Amino acid sequence: MSYRPGAIALIAAPIIGLAAVLTLPQMPADGVARLAAIEAEPDRFLIANLLLIASFTVFVPAMLSLSAQLASRASRWGAWAAFAAAAGWTLHNAIVGTVLTQLSMVSAADRAVAGALADGLFDGAAFTAVLLPMLILTELGTVVLAIALWRAGIAPLWASIVVIVGLVAEFVVPAPFEGVGLYALLAIGFGAIGLRQLRELRAVQRAEAAPSAVTHA
């Protein structure tokens with residue numbers, strides 16, 4: 001089984017996410033102000049969220065590929081952690097879908113009512129019911145995954161540490177830079193792991209091609 005597509009996805013996903021958070025306009029906490037910010041730059045808002053959807057979607061095959069690799073190395077808990085992380089990244093798209101509904105609110109005649117509705121999107125039990133599993137699956141799953149990748153010899157220790165620090169950065173870096181810290185560090189950590197996998201795959205291919213070249217010679 002070739003893990004090349006998964007390695008490429010692992011490199012690409014956080015880079016796309018970083019592009020998304022750099023594109024996204026600053027979003028105020030207040031609903032009325034947030035709708036005004038979206039109205040001022042609707043194209044940036046839409047493009048940024050579409051990039052986030054792309055990033056979260058690409059993370060899924062990356063995590064599933066790592067799950068398969070860990071399973072092949074008898075790391076059952078690591079394989080399950082990667083699967084949990086894939087589920088968490090999938091749930092991220094539901095959050096983005098909720099965020100995007102604000103685009104339809106910017107044209108409301110009563111901005112105060114629309115702002116209250118925009119705030120209500122993120123205050124209800126339905127949103128929390130998606131948010132909490134998403135955070136648990138993504139954060140805990142990725143932390144355990146990073147440790148498992150190091151223990152299985154798939155990732156260097158420093159790359160696993162950078163991934164974990166990136167997840168922590170999302171909660172400790174002040175707004176509006178928390179997303180930049182998260183995706184920049186994930187791009188470094190996961191990028192290093194993905195590049196290492198690609199180098200190992202090329203080395204295996206060269207080793208397999210060498211006997212054939214000798215035979216033909």
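Values in this document were obtained by computation on a predicted structure and should not be read as measured data.

Caption draft 1: Highlighting the overall build of the protein chain. Within the protein chain, the regular secondary structure consists of eight helices and zero strands. Projecting the C-alpha coordinates of the protein chain onto the three principal axes gives extents of approximately 80 × 35 × 25 Å. Burial statistics for the protein chain: of 217 residues in total, 40% are counted as buried. In the protein chain, of all internal contacts separated by at least 6 residues, the share reaching a separation of at least 24 is 76%. Carbon together with sulfur atoms contributes 71% to the accessible area of the protein chain, which is approximately 10,800 Å² in total. In the protein chain, 11 positive and 12 negative side-chain charges are present, and the distance between their average locations comes to 21 Å.

Caption draft 2: Geometry of the side chain of Gln 197. Note on placement: Gln 197 falls in helix H8 (residues 178-216). Judged by relative accessible area, Gln 197 falls into the buried class, the value being 4%. Here Gln 197 is in contact with Ala 7, Leu 10, Leu 66, Gln 69 and Ile 154, once residues within four sequence places are set aside.

Caption draft 3: Region of interest: the environment of Leu 10. Summarising the element assignment, Leu 10 is placed in helix H1 (residues 4-23). The exposure class of Leu 10 is buried, given its relative accessible area of 0%. The sequence separation of Leu 10 and Leu 66 amounts to 56 residues, and the corresponding C-alpha distance is 9.0 Å. If near-sequence neighbours (up to four positions away) are discounted, Leu 10 is found in contact with Ala 62, Met 63, Leu 66, Phe 190, Ile 193, Gly 194 and Gln 197.

Caption draft 4: Quick look at the nonpolar core. In terms of nonpolar packing, the biggest core is built from 43 residues, with Phe 59, Met 63, Trp 89, Leu 145, Leu 149, Phe 190 and Ile 193 touching the most fellow members. Within the residue set of this core, elements represented by two or more residues are H1, helix H2 (31-40), helix H3 (42-72), helix H4 (76-100), helix H5 (111-121), helix H6 (125-151), helix H7 (157-172) and H8. Residue contacts for Leu 149: discarding those within four places in its chain leaves Leu 66, Leu 70, Ile 154, Ala 155 and Ile 193.

Caption draft 5: Structural context of unusual backbone geometry. Non-glycine residue Ala 74 carries a positive phi angle of around 65 degrees. Secondary-structure assignment places Ala 74 in the loop between H3 and H4.

Caption draft 6: Just the packing of H4 against H6, in detail. Close contact between H4 and H6 brings their axes to 7 Å; oriented N to C, the two are set at 145 degrees. Crossing hand, H4 versus H6: left-handed. Of the residues that constitute the contact of H4 with H6, the class distribution is 20 nonpolar, seven polar and one charged.

Caption draft 7: Inspection of the pattern of salt bridges at higher detail. Taken as a whole, this structure holds four salt bridges when the rule is applied. A salt bridge links Asp 119 to Arg 34; its shortest N-O distance comes to 3.4 Å. Of this pair, Asp 119 sits in helix H5 while Arg 34 sits in helix H2; the two residues are 85 residues apart in sequence, bridging distant segments of the chain. Owing to a relative accessible area of 24%, Asp 119 belongs among the partly exposed residues under this scheme. Where Arg 44 meets Glu 41, a salt bridge forms, and the shortest distance between an N and an O atom there is 2.8 Å. For Arg 44, a relative accessible area of 33% translates into the label partly exposed. Residue class for Glu 41 comes out partly exposed when judged on its relative accessible area of 31%.

Caption draft 8: Local environment of a nonpolar patch on the surface. A contiguous nonpolar patch, built from Trp 77, Ile 147, Trp 150, Leu 157, Ile 161 and Val 165 and spanning about 550 Å² of accessible area, is present on the exposed surface. Here the nonpolar patch takes three residues from H7, the largest share from any one element. Take Trp 77: it is sitting in helix H4.

Calculation rules
Counting from 1, residues in each chain are numbered in the order their sequence is written. Per-residue local features of the predicted model are confined to residues with pLDDT of at least 70, and side-chain atom pairs are confined, for both listing and counting, to 80 or more; whole-chain, interface and lining totals are unaffected and use all residues. The basis for every side-chain value is the complete set of heavy atoms in the structure, and neither hydrogens nor water enter the calculation. The numbering of helices and of strands both runs from the N terminus, where a helix is a DSSP run of H or I of at least 4 residues and a strand a run of E of at least 2. In this scheme, a residue with accessible area under 20% of its type's maximum is buried, one over 50% is exposed, and one in between is partly exposed, where area comes from a 1.4 Å probe on protein chains only. Between two residues, a contact is recorded if the distance between any of their heavy atoms is within 4.5 Å. Residue exposure ignores everything except the shown protein chains as possible cover, and the areas themselves are Shrake-Rupley values with a 1.4 Å probe. Asp and Glu count as negative and Lys and Arg as positive, but His and the ends of the chain are not part of the count. Charged groups are reduced to one reference atom each: NZ for lysine, CZ for arginine, CG for aspartic acid, CD for glutamic acid. Take the buried residues of types Ala, Val, Leu, Ile, Met, Phe, Trp, Tyr and Cys, join any two whose side-chain atoms come within 4.5 Å, and each joined set is a nonpolar core. A fitted line through C-alpha atoms represents every axis, and for helices the fit uses only the stretch in contact; the resulting angles, taken between N-to-C directions, go from 0 to 180 degrees. Each helix crossing is assigned a hand: it is left-handed if the near helix lies turned anticlockwise from the far helix by less than a right angle, otherwise right-handed if that turn is clockwise. Under the convention adopted here, Pro, Cys and the residues Ala, Val, Leu, Ile, Met, Phe, Trp and Tyr are nonpolar, Asp, Glu, Lys and Arg are charged, and Gly plus all remaining residues are polar. Salt bridge, as used here, is a side-chain nitrogen of Lys or Arg placed within 4 Å of a carboxyl oxygen of Asp or Glu. Within this analysis, patches are made of residues with over 30% relative accessible area and no salt bridge. Like charges are joined at 9 Å or less; nonpolar side chains (Val, Leu, Ile, Met, Phe, Trp, Tyr) at 5 Å or less.

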